[in-house]
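Structural overview
Here is how the chains run, residue by residue.
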Amino acid sequence: MSIYSRIAGTGSYLPSNRLSNQDLVDCLAKLGLETSDEWIKTRSGISARHFAGDSELTSDLAVKASQAALASAKVQPMDLDLIILATSTPDNLGGFPSTACVLQDKLGAHNQCAAFDVQAVCAGFMYAVSVADAFIRAGTYRKVLVVGAEVFSRILDFQDRGTCVLFGDGAGAIVLEASDHPGILSSALHADGQHRDILCVPGRSANGALSGSAFLTMDGKAVFKLAVKVLEQVAHEALERANLKPEQIDWLVPHQANIRIMESTARKMGISMDRVIVTVGEHGNTSAASIPLALDVGVRSGQIQRDQLLLLEGVGGGFSWGAVVLRY
Ligand code: UT7
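Below is a summary of the structure that appears in this document.

Reading the values: rules and limits
- Residues numbered from 1 in each chain as written.
- Predicted model: local features only at pLDDT ≥ 70, side-chain atom pairs only at ≥ 80, totals over all residues.
- Heavy atoms only, no water.
- Near = heavy atom within 4 Å.
- Polar contact = N/O pair within 3.5 Å; in protein donor to acceptor, adjacent residues only side chain to side chain.
- Areas by Shrake-Rupley, 256 points an atom, 1.4 Å probe, with all protein chains shown as cover.
- Helix = DSSP H or I, 4+ residues; strand = E, 2+ residues; numbered from the N terminus.
- Pairing = 2+ DSSP bridges.
- Axes fitted to C-alpha atoms, helices over the stretch in contact; angles between N-to-C directions.
- Contact = heavy atoms within 4.5 Å.

1. Remarks on the site of the ligand
Lining the immediate surroundings of the ligand are 21 residues, of which Thr35, Lys221, His255, Asn258 and Asn285 lie closest. Within the side chain of tryptophan 39, a nitrogen or oxygen atom sits 3.0 Å from an oxygen atom of the ligand. In the model, an oxygen atom of the ligand is placed 2.7 Å from a nitrogen or oxygen of the lysine 221 side chain. Across the complex, the protein chains shield 73% of the 960 Å² of accessible surface that the ligand would expose by itself. Mapped onto the shell around the ligand, the elements with two or more residues apiece are helix 2 (37–44), helix 6 (220–241) and helix 7 (259–269).

2. A short note on the sheet that holds strand 7 (residues 169–179)
With respect to topology, five strands assemble into an open sheet ordered 1-7-6-4-5, the strand pairing being mixed. Two strands lie at the open edges of the sheet, namely strand 1 (4–13) and strand 5 (114–118), each paired on one side alone. Sheet twist, expressed as the mean angle between neighbouring strand axes with direction ignored, is 20°. Examined bridge by bridge, strand 6 (residues 143–151) and strand 7 share nine bridges and lie antiparallel to one another. The residue of strand 7 that forms the bridge with valine 151 is aspartate 169. Lying over the sheet, helix 4 (residues 99–107) contacts strand 4 (82–86), strand 5 and strand 6, oriented at roughly 125° with respect to strand 4.

3. Concerning the sheet that holds strand 13 (residues 251–254)
Taken together, the four strands give an open sheet; going across it, the order is 8-15-14-13, and neighbouring strands pair in mixed fashion. The open sheet is flanked by strand 8 (184–191) and strand 13, the only strands paired with a single partner. This sheet shows a mean twist of 10° between the axes of neighbouring strands, independent of strand direction. Relative to strand 15 (residues 320–327), strand 8 is paired through seven bridges, and the arrangement is antiparallel. Paired with serine 186 across the bridge in strand 15 is valine 325. Strands in contact with helix 5 (residues 124–137) are strand 8, strand 14 (309–316) and strand 15; relative to strand 8, the strand with the most contacts, it is inclined by about 130°.

The structure is reproduced here in structure tokens:
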């Protein structure tokens with residue numbers, strides 16, 4: 001009999017500090033930067049975002065989201081076989097040690113389960129879920145915690161109005177369990193390093209100092225154009241692998257970067273916006289955390305029901321992108 005992986009529980013966490021567009025506009029004005037609620041809303045669909053406190057780390061956000069996911073899955077931390085954490089803002093420079101190892105300790109999962117980070121920026125959760133699914137289907141592991149967690153506020157340049165108004169902090173998590181019933185039906189992952197410069201943090205660590213900028217830089221227009229193109233392609237690819245048509249999908253759960261990108265993908269797929277989980281307005285772009293955050297909001301709001309078909313998709317720096325089709 002085949003083994004599949006199935007979502008046993010979801011969880012998420014947003015830091016308590018919520019900034020509306022107007023709050024941010026007022027803060028930025030003090031720094032001499034001009035922007036407006038109207039510009040942010042019309043260009044991106046974002047109304048607010050949450051920023052972590054000074055002492056809050058990615059692993060702290062990840063713990064809260066993971067505890068919620070474990071509770072809803074009725075799984076104890078000590079029963080986990082593997083923890084995969086997708087992040088581009090690890091606790092320590094160079095992601096060393098991995099934030100997944102920090103999370104394991106903070107969760108009290110002291111059973112020496114495997115733990116590692118995945119780096120595919122905003123597509124990180126798609127990569128992490130695909131890897132977890134492969135481990136479960138191979139029979140290697142039975143209970144896997146998959147997390148996306150970020151503190152992007154730490155890498156934002158508050159002198160660059162083209163980026164600093166778009167991102168937020170947060171974490172989302174799922175527990176994937178081995179099951180006789182599918183579960184994850186298909187996934188498709190891609191990357192193209194030729195486009196690595198359009199969305200990146202250019203700085204490098206050199207001889208004990210930072211060489212170059214530690215802030216996120218983005219060519220918004222280039223990212224937008226490429227994102228719209230590859231998201232449609234990868235969504236179709238994942239659906240074909242699952243032998244499904246877009247009209248059979250109950251919910252599209254996209255990466256929450258820009259409402260215009262989500263609307264474009266949904267329109268091209270023939271999926272109406274009332275079948276799309278949208279959280280970008282309240283969360284902003286939380287990179288690897290955005291899809292599991294949206295998924296958990298969809299589940300806890302009662303929109304997403306058991307046995308429904310979901311299409312998850314994400315795109316980000318690298319350039320990297322991916323999609324996952326699953327029966328919830
Ligand atoms: O998560 C990874 C994936 N990331 C994304 O998917 C982001 C993709 N890109 C985007 O979402 C959009 O390109 C943005 C929201 C970043 C920008 O929207 P846009 O429609 O492409 O605007 P733009 O960059 O062409 O800027 C238009 C104007 C410019 O002024 P001029 O040159 O036309 O006079 C900018 O200087 O808007 C100006 N501008 C702003 N004005 C007020 C840029 N940022 C701001 C701002 N407030 N915050």
